[in-house]
Amino acid sequence: MSMAETSQAPLQIVAYCCHYCAYAAADLAGVLRVPYPAETKIVEIPCTGRLDMLEVLHAFEHGADGVMVAGCLEGDCHFQEGNLSARRRVARLKLMLTDIGLEADRIEMFNLSSAMGTKFAEMATLMSQRIVELGPSPLRSSNH
Ligand code: FES
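Report on the accompanying structure. The structure displayed is predicted, hence computed values, not measured ones.

Rules of the game
- Residues numbered from 1 in each chain as written.
- Predicted model: local features only at pLDDT ≥ 70, side-chain atom pairs only at ≥ 80, totals over all residues.
- Heavy atoms only, no water.
- Buried < 20%, exposed > 50% of the residue type's maximum accessible area, 1.4 Å probe, protein only.
- Helix = DSSP H or I, 4+ residues; strand = E, 2+ residues; numbered from the N terminus.
- Arc of directions from axis to C-beta.
- Polar contact = N/O pair within 3.5 Å; in protein donor to acceptor, adjacent residues only side chain to side chain.
- Contact = heavy atoms within 4.5 Å.

Another aspect to go through is helix H2 (residues 53-61). Residues separated by three or four positions in an α-helix point in the same direction, a consequence of the helix having 3.6 residues per turn. Buried within H2 are the following residues: Met53, Val56, Ala59 and Phe60. Seen along its axis, H2 keeps its buried residues to an arc of 115°; they face one direction. Where H2 begins, the side chain of Asp52 points an oxygen toward the backbone nitrogen of Leu54, at a separation of 2.9 Å. Gly63, located one to two residues past H2, shows a positive phi value of around 110°.

Pasting the structure below:
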């Protein structure tokens, strides 16, 4: 039984994953058959530096309960400082979420390498547990 099962629709976590690291790590987790929560919806982006804050807010508006942003290890971004820029955007998004009545913990930045398939699964599990504790996003019910 999935830990995200609730009386409502299953929880949704959108994971914006950098092509060079987190996306490859998620792929590796699949190859290694290391399970990670089924509610994790992977969205591949070229670099977390391309993270579109408006798109993240739209994801929440359209039913996401949580958002992971997963980029290369600090110092290893293929576009120099994209992941540092992403970390600052995630910090700003946390403030924006609080402003609209959502918990700042619904979004988090992670860093990993393409070889960290197991780590990806651990991060996704950690995020899922956090979202289960927070419960469904209040924006969900206001959309129905
Ligand atoms: Fe991976 Fe920039 S290329 S975070």
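Structure's up, so let's keep going.
Relative to the helices and strands, Ala59 resides in helix H2. The class of Ala59 is buried, set by a relative accessible area of 14%. Separated by 53 residues in the primary sequence, Ala59 and Leu112 have C-alpha atoms spaced 23 Å apart. For Ala59, the contacting residues outside a window of four places in its chain are Val14, Tyr16 and Ala64.

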